[in-house]
Amino acid sequence: MTEDLIDLDGGQTRMEAAYGSDDGDEDLFAITAKRDASVGEIFEQNYRPWDGDFGPRWVRNYAIFRHHVFGLFSSKGHRNYNPFIRLTILVIFIGAISPIAMLFFSSLFGTGPDGFIDKMWGVNRSNLWGQVLGYFPRNLCYWPLLTALVVGGMISDDRRNGTSAIYFSRPVTRVDYTMMKYLSVAVVLGFVIVFSYMSYYTLAIVFKGEGWGFLIDTLPMFLAGLLCSILLVITYTSIGLALSSISQSRFFSAIAFLSIIYGTKLVALLIDLQFETSILYILSPYDCLAHFGQWMLGLELNYSHSLSLSVVSLILMNLVSILVLISRVSSLEVTRE
Amino acid sequence: MSKQDEQGRGLSNTVWTQLDRKAGAITELTIRQLRNRISTWVVLGVGVLLISLLLIFYIDSIRDEFEPYDNDGDSEDWDNDGYPLGQENIYGTSDYNEFSFPGSSEYIYQGDIDWNDQPRTHYGNHTWSYAWGYFTPVWIDVNSTNPFIWNYYNSWIDWSLGDYSCEDEGLPDNPFYIGQNDDYGYNSIDRNYCQFENGTYIMFGAAFRGEGEFFVQPGWETEWGYFTESFFVEPHPKSMYIDEDDIDWNGNSVSGSQGFDDDGDCLKEDYLVESSPDDSNRNGIVCDVQWTYDPYGNLISIRADSNVDEDPDDSKHVGESSHRTFIIGTGKIAFVMILGLFLPLFLALGLVRDESENGTLHYLLSKPIHRGEFILYRLLGYLAIVVSYTVILTFIIAFITSIIGPGESIIRLSDYPVWIGISLSTILVLTAYGSVFNTVGLILPRYGVYLCILFGVWEFLMGLFTITIPSSDITMLSISHWAIQIIDATVMIAWSDTALMQQQANAFGLETGISFFWHPPVHTLGTGNPFIALIISVVFILVFSIGMILIGQLIFRNKEIM
Amino acid sequence: MSNSVKVPSVLVENVSKWYGQVIGVNDVSLAIEGGVTGILGPNGAGKSTLFKLLMGRIKPSQGSVKLFGIDPWQDTSPYRRIGYVSESERLYDWMTGQDFVSTLARLHGMTRNEAESRAEHVLEFVGLYDVRHKEIGKYSKGMRQRVKIAHALVHDPDLIILDEPLHGCDPIARTSIMNVIKELGNQGKTVLVSSHILEEIERITEQIVILHNGRLLALGNIYAIRDLLDKHPHRIMITTEEPRKLANAFIGEEPIYGVRFPEEGKLEIQTNDLSAAHSVLPRVIVESEVKVSRIDNPDDNLESLLEYLIGG
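The sections below set out a description of the structure shown in this document. The structure presented is a predicted model; accordingly, all values stated were derived computationally and were not measured.

1. Focus: the overall build of chain A
Then, number 1: Scanning chain A from terminus to terminus reveals 13 helices and zero strands.
Then, number 2: Beginning at the N terminus, the succession of helices and strands in chain A can be written as α-α-α-α-α-α-α-α-α-α-α-α-α.
Then, number 3: Relative to its full complement of 337 residues, chain A shows a buried share of 39%.
Then, number 4: Long-range pairs, those at least 24 residues apart, make up 74% of the contacts in chain A between residues at least 6 apart in sequence.

2. Thoughts on the nonpolar core
Then, number 1: Residues Leu146(A), Leu189(A), Phe257(A), Val101(C), Ala150(C) and Ile161(C) are the most contacted members of the largest nonpolar core, which totals 244 residues.
Then, number 2: Residue contributions to this core peak at 17 residues, all from helix 5 (residues 314-347) of chain B.
Then, number 3: Apart from residues no more than four positions distant in its own chain, Leu146(A) is found in contact with Ile89(A), Ile92(A), Leu189(A) and Val192(A).
Then, number 4: Counting 20 residues, the second largest nonpolar core, distinct from the first, contains Trp128(B), Ala131(B), Phe204(B) and Val216(B).

3. A few points about the interface of chain B and chain A
Then, number 1: Chain B puts 26 residues into the contact, and the matching count from chain A is 24 residues.
Then, number 2: For the side of chain B that touches chain A, the secondary-structure elements that each account for two or more residues are helix 2 (38-63), helix 5 and helix 10 (448-468) of chain B.

4. What to know about unusual backbone geometry
Then, number 1: The omega torsion across Phe136(A) and Pro137(A) is 0°, close enough to zero to call that bond cis.
Then, number 2: Checked against the element boundaries, Pro137(A) lands in helix 6 (residues 135-151).
Then, number 3: Here the residue pair Gln118(B) and Pro119(B) is connected by a cis peptide bond, since its omega of -10° sits within 30 degrees of zero.
Then, number 4: The residue Pro119(B) is located in the loop between strand 1 (107-113) and strand 2 (121-140) in this model.

5. With respect to the interface of chain B and chain C
Then, number 1: Taken residue by residue, the interface counts 22 residues in chain B and 24 residues in chain C.
Then, number 2: Of all elements in the fold, only helix 1 (15-35) and helix 7 (361-365) of chain B reach the threshold of two or more residues within the side of chain B that touches chain C.
Then, number 3: The leading source of residues in the side of chain B that touches chain C is helix 1 of chain B, at seven residues.
Then, number 4: Residue composition of the side of chain B that touches chain C, by class: eight nonpolar, ten polar and four charged.

6. Quick word on the sheet that holds strand 7 (residues 257-258) of chain B
In a beta sheet, neighbouring strands pair by backbone hydrogen bonds and run either parallel or antiparallel.
Residues and elements named next belong to chain B.
Then, number 1: Spatial ordering of the open sheet is given by 7-8-9, a layout of three strands whose pairing is antiparallel. Sheet topology places strand 7 and strand 9 (299-304) at the edges, where each strand pairs with a single neighbour.
Then, number 2: As paired strands, strand 7 and strand 8 (residues 289-293) are joined by two bridges and run antiparallel to one another. Counterpart to Gln258 in the pairing with strand 8 is Val289.

7. Looking at the pairing of strand 10 (residues 234-240) of chain C
Residue and element names in this part refer to chain C.
Then, number 1: Of the two faces of strand 10, the one lined by His234, Ile236, Ile238 and Thr240 is fully buried and the one lined by Arg235, Met237 and Thr239 carries no buried residue.
Then, number 2: The sheet contact formed by strand 10 and strand 12 (residues 266-271) spans six bridges and is antiparallel. Counted as the bridge partner of Ile236 is Ile269 from strand 12.
Then, number 3: Both strand 10 and strand 13 (residues 292-296) contribute to a ladder of four bridges, which runs antiparallel. Following the sheet pairing, Thr240 is matched in strand 13 by Val292.

8. Focus on the environment of Tyr83(B)
All names here are of chain B.
Then, number 1: With respect to the element layout, Tyr83 can be found in the loop between helix 2 and helix 3 (85-91).
Then, number 2: Linking Tyr83 and Pro237, residues 154 residues apart in sequence, is a C-alpha distance of 8.2 Å.
Then, number 3: In contact with Tyr83, other than residues within four places in its own chain, are Asp77, Glu88, Phe101, Pro102 and Pro235.

9. Focus on the packing of helix 2 (residues 57-69) of chain A against helix 9 (residues 174-208) of chain A
Residue and element names in this part refer to chain A.
Then, number 1: Contact geometry for helix 2 and helix 9: axes closest at 9 Å, N-to-C directions at 40°. As the angle between them shows, helix 2 and helix 9 are arranged oblique. Judged by the sense of rotation from one axis to the other, the crossing of helix 2 with helix 9 is right-handed. On helix 9, the residues that touch Asn61, Ile64, Phe65, His68 and Val69 of helix 2 are Asp176, Met180, Leu183, Ser184, Val187 and Val188.

Cut-offs applied
Residues numbered from 1 in each chain as written. Chains lettered and ligands numbered in written order. Predicted model: local features only at pLDDT ≥ 70, side-chain atom pairs only at ≥ 80, totals over all residues. Helix = DSSP H or I, 4+ residues; strand = E, 2+ residues; numbered from the N terminus. Buried ≥ 20, exposed ≤ 12 C-beta atoms within 10 Å, placed from the backbone. Contact = placed C-beta atoms within 7 Å. Core = buried A, V, L, I, M, F, W, Y, C linked by C-beta atoms within 7 Å. Nonpolar A, V, L, I, M, F, W, Y, C, P; charged D, E, K, R; others polar. Pairing = 2+ DSSP bridges. Axes fitted to C-alpha atoms, helices over the stretch in contact; angles between N-to-C directions. Parallel < 35°, antiparallel > 145°, perpendicular 65-115°, else oblique. Left-handed = near helix turned anticlockwise from the far one by under 90°.

In structure tokens:
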């Protein structure tokens, strides 16, 4: 076998296909050594170790992250989000920041009789709570829908199409993979939920021309709400990704997420209304968050069971979800399932 | 031997029997397919779990029985004098004053000097109160204890504090001086009285007992009276005033005025009730309850005078209506909104869509079966599973609750029509949503599912609104609205006195939740007849489902399958 | 069917099918009746599109498709007499072979018992009798192809359409499937088999249809087509150290009309009678005393055959 029989170019492409730092969406071809074989020939399989340098780990991880998040804006080279999903997310985002418009108008008209406008759209405990944890419309349709749509195919598509192999055939560990998927979802959710909350607070101060004193007074409130919103994002992301990881169908995970959020809430509401016990609310992720949020922001508690139950339940939900996620990702096949 | 065609098949194989067989085969295939999916079992299992959870709470609440509830709060003893409010009401004493209780000594008013009365002096041995003026004592009961809690303008003098000289406070002994220069000269001193060196007291809103001459400066006032002898009254137990004023209703719909003030708190004359006896429903009869009926004999409203029939026997009224509330709430929320919405989302969405995605549709469609039929049979297979599931689940919960539910009979047969209504409503909802999801999955195989999720959220929202405000118009654009109407209508048919219960609960403050979970059906074409609402709702959902199936068939028939 | 006018099983008249801008089948006309017919063509030639048109899955953009004289897009009745094996790889993995075949048999209106016995019979025919109670998920590729064929045969159809039935099978499975198809042909049924490998079809049938880029290229007996092709120019590639010397020896031989030197150490000779050229080849090489390391016949496969047909 002579040297020229080995297709050097092809080999290099193959290595790039396997270990390139890009996302693998480009059309890379792995050309194997090829000759006219009509007489019959057996090729020697010479692989040469590739001794180039890997990019640093964070660069690779950033590529994964970018792939998922930028896909929301442009699917060129990024994860493809259905235009319908993009539209829905946009609508939800506009809905989430719409109080800012009201804030603007209220700042034009002053406080109104009895400070009515101020009560409705000013910075106060219940408004900050409502901006994140209000039930209608945020937690009744915005956030669950948003999470369901974003999380739907996040891991289940990889399971279905075997695209997890694209990651695991490269120097990407399962931890990196999971973390980046998690981060991507959390950032998308956070962009809508946390960002809208933060802009509400910031713009309220700007529009109303409040001073340093007001800022210092309301900052603890704001931080408590911020913590709640981050907790909300984390909880929804954990549950959603866990569901996404146990199924092969993006629709199953989306519907399952919605049914968990709505189902538990509704059952607990039914029991609460009929038997006057709020204990079942600990099953509902939303109500655990709302309970904790009410305590954090110093509002009157709507629930008669103890706060610690809600907090423990919240921790358990996250823990179980993350455990499920980890165990499912670690069993993710390198090949197509 | 039957006749045979050229291919040797019996002519008894008519088109219809062959259709049956095809329908049977596809239905069976669908059932087996669903049965082989884990998610089906998970979803059905969660449904069973949900119903068991409800049952557990129900059984738990039945076991505790219904705690009698003191609606009017007259079993409380606010002033801690040992007598509950109800008893104090009867004796006309105050429950906000620990010295005023049945048998306590009572201040009886005898006379006064008003701000402009003449003469302005009075001599006597009295208990003086609201005393403003100059008192020249013969005798003062310095040992008497405070029989009342007085207000700021009239407080019992604590003689044990000792002398308090008016001169030291700079008050002149000329009464008119204070009146002319400083109406409220007493503001400058620490007590509500002081004594001049000549022995005369000046009183500023004081109360005390003593004999002497009282001079009231013009513009000021004073009154006097005496205390009655106290005697002992056995305190009633608090439980006597829970459920003491039951609903007095003889079911006579001709006479609208019912009710009797059993505990007498409506009729009593007392400073706590502004205008008593009470006729706040303004029917000209004091202390009664006005029951208003429409010409068909349906109850329209109950308007009670305050404190009449206000504390009914909870175990009698609440037990039954709580049971009904449970059934209605379970039917509306657990069956229609949770099972009805999520079963189709999980099971019906992929009936045809998954087949065409997987490519297994080719096997089925290469058989001599019309595509329209195919959709119908697929839906039949799905319905076979969910309908039997719903029916079994309803029957189980109906059986258990009808046995342990309140009432004399061993089994509450009157529950069953309602459960059948709930079952019917759920089945219709399952059919409607199943056909919608199936059709949407066919029209838009890629985006359809998101549409279905949005549709589900919409239905969920509208369902919640329908439960709370059934008459809102926008909710008519949802399936869940009509399904909930079916339950409302069957409840009205099976338990015609539910409207009464709801009115009673509203009028007499019974905490049963029935006012939240049940409303009379809205779409009765103005007749108030629940059968009409039932028929309209069923027809609406059926027409919708059939329309959706037809659209699905039309789409599927003209769809090119890759 | 005992009509006085004989209707061909498959009648395709001037059919075209576009998928948006892409053309799937371009003005194809065919009439097929009896025996096994191989539909040949490279990937994307329109074989599956043609079959989907025949099965009424898609609607022709132009022209008409008739099975036993009935348009399958409008009416599903011809399916009573048709068995179709799609190219789809997915099956109901949770079903046993017996279940799968009998369930589909019941869609022909058979009773349950009838379907069961027909299924057993047909599974025996394709050689899956022993494993008929095993789940399809546990079947090998060849078995899966055969169970697909079995479902298409269960109602004893007159016309059988097989889309790539040999795809992905090992040689043993291939042989057994080929035997099944040949047997069907011998039973007098009309069988359409598609493949992109000429050799496979050659082993089954002599009657072929060649499709390329959606167009009908050739139709008829495979040997007749071969002969027609022989009149087309052919190339023979010879690898040698002295191509020019060898070329000199070839020039003047009767069947060879041209030589080319495509690259260093290679000689291409051109002929329009391949068999004659091959007969003179050894002699010329021996006489020229040139050392030849190999002789290639680049045109001797379907691809180049098609290349000639379309490129001329």
